[in-house]
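Here is how the chains run, residue by residue.
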Amino acid sequence: MNRRNEIEQNLNELNQRIEKACTDSGRSFDEVKTIAITKTWPTSDIEILYDLGLRNFGESKDQEAIKKVEELRGKDIHWHFVGQIQTNKINHIASYADYVHAIDRNKVVEAFENALEKNGRSINALIQVSLDGDESRGGALPEAISSIAKAIEDSIHLTLGGLMAVAPVNQSPEVAFKKLSEIAGDFHQDFPSAQMISAGMSDDLEIAIKYGATHLRIGSDLLGNRE
Ligand SMILES: *Cc1c(COP(=O)(O)O)cnc(C)c1O
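Here's a quick rundown of the structure.

## Quick look at the side chain of serine 155
Line of reasoning, step 1. Counting through the fold element by element, serine 155 comes out in the loop between α6 (145-154) and β6 (158-164).
Line of reasoning, step 2. The class of serine 155 is buried, set by a relative accessible area of 13%.
Line of reasoning, step 3. Among the polar contacts made by the side chain of serine 155, one reaches the main-chain carbonyl oxygen of isoleucine 152 at a distance of 2.6 Å.

## A closer look at the pattern of salt bridges
Line of reasoning, step 1. Following the criterion strictly, the structure yields 15 salt bridges and no others.
Line of reasoning, step 2. Arginine 17 is the salt-bridge partner of aspartate 221, the closest N and O atoms lying 2.3 Å from each other. Within this pair, whereas aspartate 221 is found in helix α9 (residues 220-223), its partner arginine 17 is found in helix α1 (residues 3-24), the two being separated by 204 residues in sequence.
Line of reasoning, step 3. The closest approach of N and O atoms between lysine 67 and glutamate 71, which form a salt bridge, is 3.8 Å. Taken as a pair, lysine 67 and glutamate 71 lie in helix α3 (residues 62-71) at a separation of four residues, close to a single helical turn.
Line of reasoning, step 4. Judged by relative accessible area, which is 49%, lysine 67 ranks as partly exposed.
Line of reasoning, step 5. Residues joined by salt bridges that share partners form a network here, namely Arg3, Glu6 and Asp45.

## So, the packing of aromatic side chains
Where two aromatic rings form a pair, the distance of their centres and the angle of their planes describe that pair.
Line of reasoning, step 1. Taken as a whole and judged by the stated rule, the model has two aromatic pairs.
Line of reasoning, step 2. Seen from their ring centres, phenylalanine 57 and tryptophan 79 are 6.3 Å apart, and the 50 degrees between their planes marks the pair as tilted. Residue phenylalanine 57 is located in strand β2 (residues 56-59), and its partner tryptophan 79 is located in strand β3 (residues 78-81); the two are separated by 22 residues in the primary sequence. The same class applies to phenylalanine 57 as to tryptophan 79, namely buried.

## Re the packing of α1 against helix α2 (residues 43-51)
Line of reasoning, step 1. For the pair α1 and α2, the least separation of the axes is 10 Å and the interaxial angle reads 55 degrees. Relative to α2, the element α1 is oriented oblique. Remark: the crossing between α1 and α2 carries right-handed chirality. Note on element contacts: α2 touches α1 through Asp45, Ile48, Leu49 and Asp51, opposite Arg3, Arg4 and Ile7.

## Considerations on the pairing of β3
Line of reasoning, step 1. Strand direction decides the pairing type here: β2 and β3, joined by four bridges, are parallel. Each residue of the ladder has a partner; that of glycine 58, found in β3, is histidine 80.
Line of reasoning, step 2. On the question of chirality, the crossover connecting β2 to the parallel β3 by way of α3 is right-handed.
Line of reasoning, step 3. Across two bridges, β3 lies against strand β4 (residues 99-103) in parallel orientation. For phenylalanine 81, the partnering residue across the bridge sits in β4 and is valine 100.

## Some words on the environment of alanine 102
Line of reasoning, step 1. Within the element layout of this structure, alanine 102 appears in strand β4.
Line of reasoning, step 2. On the basis of relative accessibility, which here comes to 1%, the residue alanine 102 falls in the buried class.
Line of reasoning, step 3. Residues alanine 102 and valine 166, spaced 64 residues apart in sequence, show a C-alpha to C-alpha distance of 9.9 Å.
Line of reasoning, step 4. Those residues in contact with alanine 102 that sit more than four places away from it in its chain are Phe81, Val82, Gly83, Ile85, Leu126 and Gln128.

## Here we look at the site of the ligand
Line of reasoning, step 1. Residues in contact with the ligand, as listed here, are Ile37, Lys39, Val82, Met201, Ser202, Arg217, Ile218, Gly219, Ser220 and Arg226.
Line of reasoning, step 2. Interatomic distance of 2.6 Å between a side-chain N/O atom of lysine 39 and an oxygen atom of the ligand.
Line of reasoning, step 3. Measuring from an oxygen atom of the ligand, one finds a side-chain N or O atom of arginine 226 at 2.8 Å.
Line of reasoning, step 4. Relative to its unbound accessible surface of 390 Å², the ligand loses 88% to contact with the protein.
Line of reasoning, step 5. Grouping the amino acids of the shell around the ligand by side-chain chemistry returns four nonpolar, three polar and three charged.

So, how was this worked out
- Residues numbered from 1 in each chain as written.
- Predicted model: local features only at pLDDT ≥ 70, side-chain atom pairs only at ≥ 80, totals over all residues.
- Heavy atoms only, no water.
- Helix = DSSP H or I, 4+ residues; strand = E, 2+ residues; numbered from the N terminus.
- Buried < 20%, exposed > 50% of the residue type's maximum accessible area, 1.4 Å probe, protein only.
- Polar contact = N/O pair within 3.5 Å; in protein donor to acceptor, adjacent residues only side chain to side chain.
- Salt bridge = Lys/Arg side-chain N within 4 Å of Asp/Glu carboxyl O.
- Phe/Tyr/Trp six-rings, centres within 6.5 Å; stacked < 30°, edge-to-face > 60°.
- Axes fitted to C-alpha atoms, helices over the stretch in contact; angles between N-to-C directions.
- Parallel < 35°, antiparallel > 145°, perpendicular 65-115°, else oblique.
- Left-handed = near helix turned anticlockwise from the far one by under 90°.
- Contact = heavy atoms within 4.5 Å.
- Pairing = 2+ DSSP bridges.
- Right-handed = clockwise from strand over helix to strand, strands pointing away.
- Near = heavy atom within 4 Å.
- Areas by Shrake-Rupley, 256 points an atom, 1.4 Å probe, with all protein chains shown as cover.
- Nonpolar A, V, L, I, M, F, W, Y, C, P; charged D, E, K, R; others polar.

Written as structure tokens, this is what we have:
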């Protein structure tokens, strides 16, 4: 099978899974968007997904992202930076990302604001929540979210999009995403316009949908297993 047919079949199967999960959770298919996570895969794969109608693409390494952004300039793509944010890369990420998912401290908000001002750009900012209390793996503790959200709202070039989480390796995604939905419930009382919940990957998307995910980040189910 050629690569296009393979990817098309993966996308059809993925959409069926999402549709079934939405039905099972009493949600509508349009409430859940797919961000194709294309790290390690060539630009030609992004072009195939683009031809198949996808417009949201995510990368987790700055060097790799910028190469693809440059090769695909002119296309109507929303670029999501989903990796951990190293402060020395912020200037660069600010030059192309439309969404940044893993904001987890006030210092990063400030650095983005300065970098975006210089670049004359804006981004949508999501706050990554740590669901196991281990900040070393990225993500803010639940009690720190409000202060980061206020810093984002106070900045000119960042728009508060919502929350992002990765299910911890040592916890069932059911427990993790239930906790995320409770945190999101509190968060939405204070920040009602920041409705994005970026959660769910190839292995746990059904559970993420059950607990309110609005944006899935899907890599291997679309493109295959990474080396
Ligand atoms: C790689 C990656 C994904 C995609 O994971 P798959 O299991 O391949 O679907 C999602 N989110 C983040 C932050 C990633 O780094």
